[in-house]
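Take a look at the letters that make up each chain.
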Amino acid sequence: MANSRRKVMDVLRGEVVNPPPIWLMRQAGRYLPEYRETRARARNFLDLCYSPDLAVEVTLQPIRRYGFDAAILFSDILVVPDALHRNVRFSEGHGPQMDPISADEIGALKTEGFLGHLQPVFETVRRLREELPNETTLLGFCGAPWTVATYMIAGHGTPDQAPARLFGYQHPEAFDHLLAVLAELSAEYLVAQIDAGADALQIFDSWAGVLGEDEFERYCVKPVARIIASVKAQRPSAKIIAFAKGAGLMLTDYRRKTGADAIGLDWTVPLSFAAELQKDGPVQGNLDPMRVVAGRNALAEGVDAILAALGNGPLIFNLGHGITPQADPENVAALVARVRGSRT
């Protein structure tokens, strides 16, 4: 049946779909009252991620409400260091925290039992693929090694990732080893998600924008390329979106160097530059999340500009970063309606 095609997968194969498929980063989240109700049933955030009943429910909530073209597994990028016994915890008002890792500890990281620790995540993926509508693409994901490493070095999030940048300069061999370990394990994690039923994958490098050119190449490009090469060597048909937030002009060769099938674009990427990037393959993005908060003309104008610039090429419509908790669910409905009502 024509309407049962997974449109996101069509775009990832390089096809132009009109109107473009749409999903939103953090589409399962605090802006939805049903998410807040489900979240209250979990002891803490990690418990929510590791409880298949709850994780399936919150993943499905935005699909039920908006009929997005993709569902993204509800989990967190920090389940990887959690599976490495780094004592990850989430506290209200403080964000994620863990024991900061030292150069000596990096060499002694224990990787045994890594995938076993993440079995609840794979169970969530299996159940989602069974419960989702056939036409809905199921996305798995992981954090990119650089972004995950920033939390492991500092023990928490920081505005400019100075602790990780300094660590990379002071302990280059240890830092390279940490990135290599994270790349290897992340590839295993993504392959397991595919085997559990994920249709495609996204790699989030949320802190790529704080790096200089040389560091971006070493910390972001090479580890992500290593992940993608490993995943595709094991599962050749895998489709992977790479999202390097804030990378700017360094995105010029990012697709070619990493082997990504599509590249995600944050809202600071000029649409003229995005159109050039799209000549080499699919792009995803890149509406400013604040336009969803503002609604009305700000939302409509932002949507229309992206569709005018990118709608005639392979495009997955998305935000330039995750939807924010203050977004009005009605504005999200208006966003979906405007994208789906378009014909470029």
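Details of the structure are given in the entry above.
Residues numbered from 1 in each chain as written. Predicted model: local features only at pLDDT ≥ 70, side-chain atom pairs only at ≥ 80, totals over all residues. Heavy atoms only, no water.

## A closer look at the overall build of the protein
In terms of regular secondary structure, the protein is built from 17 helices and nine strands. Dimensions of the protein, computed from the C-alpha atoms along their principal axes, are close to 55 × 45 × 40 Å. Taking all 344 residues of the protein together, the buried fraction comes to 58%. Counting contacts in the protein only where the partners sit at least 6 residues apart, residues at least 24 apart contribute 73% of the total. Of the roughly 13,900 Å² that the protein leaves accessible, carbon and sulfur atoms contribute 49%. The average position of the 35 basic charges and that of the 41 acidic charges among the side chains of the protein differ by 4 Å. (Helix = DSSP H or I, 4+ residues; strand = E, 2+ residues; numbered from the N terminus. Buried < 20%, exposed > 50% of the residue type's maximum accessible area, 1.4 Å probe, protein only. Contact = heavy atoms within 4.5 Å. Areas by Shrake-Rupley, 256 points an atom, 1.4 Å probe, with all protein chains shown as cover. Lys, Arg positive; Asp, Glu negative; His and termini not counted. Charge placed at Lys NZ, Arg CZ, Asp CG, Glu CD.)

## Some remarks on the sheet that holds strand β4 (residues 137-143)
The seven strands are arranged β1-β4-β5-β6-β7-β8-β9 in an open sheet whose pairing can be described as parallel. The open sheet has two edge strands with one neighbour each: β1 (70-72) and β9 (315-319). Neighbour to neighbour, the strand axes of the sheet diverge by 25° on average, direction disregarded. Examined bridge by bridge, strand β5 (residues 200-205) and strand β6 (residues 240-244) share five bridges and lie parallel to one another. The residue of β6 that forms the bridge with I203 is A242. Against the sheet, helix α12 (residues 213-234) touches β5 and β6, its axis set at about 165° to β5. Along the sheet face, helix α14 (residues 271-278) touches β7 (262-264), β8 (283-287) and β9 and points at about 170° away from the line of β8. (Pairing = 2+ DSSP bridges. Axes fitted to C-alpha atoms, helices over the stretch in contact; angles between N-to-C directions.)

## What to know about the layout of surface pockets
Here the idea is plain: a probe the size of a water molecule rolls over the atoms and shows the empty space left. As a volume, the largest pocket reaches approximately 1,300 Å³. In terms of lining, the largest pocket is formed by 38 residues, of which the most central are R26, R30, F45, D76 and F90. Breaking the lining of the largest pocket down by element, the ones donating at least two residues are α2 (33-39), β2 (89-91), β3 (95-97) and α9 (145-154). At three residues, the largest contribution of residues to the lining of the largest pocket is made by α2. Residue classes in the lining of the largest pocket are distributed as 18 nonpolar, 13 polar and seven charged. (1 Å grid on protein atoms, 1.4 Å probe; cavity = no way out; pocket = protein on both sides within 12 Å on 5 of 7 lines; lining within 4 Å. Points joined across faces, edges and corners; volume = space filled by probe spheres on them. Nonpolar A, V, L, I, M, F, W, Y, C, P; charged D, E, K, R; others polar.)

## Observations concerning unusual backbone geometry
Trans peptide bonds make up the majority, and among non-glycine residues the majority have a negative phi. Cis geometry marks the peptide bond from N18 to P19, where omega comes out at -5°. A cis amide bond links G285 with the next residue in sequence, N286, at an omega value of -15°. Residues other than glycine seldom take positive phi values, yet R26 does so here, at roughly 60°. Of note, H85 is a non-glycine position whose phi angle comes to about 65°, a positive value. Mapped onto the secondary structure, H85 falls in the loop between α5 (79-83) and β2. A relative accessible area of 51% places H85 in the exposed class.

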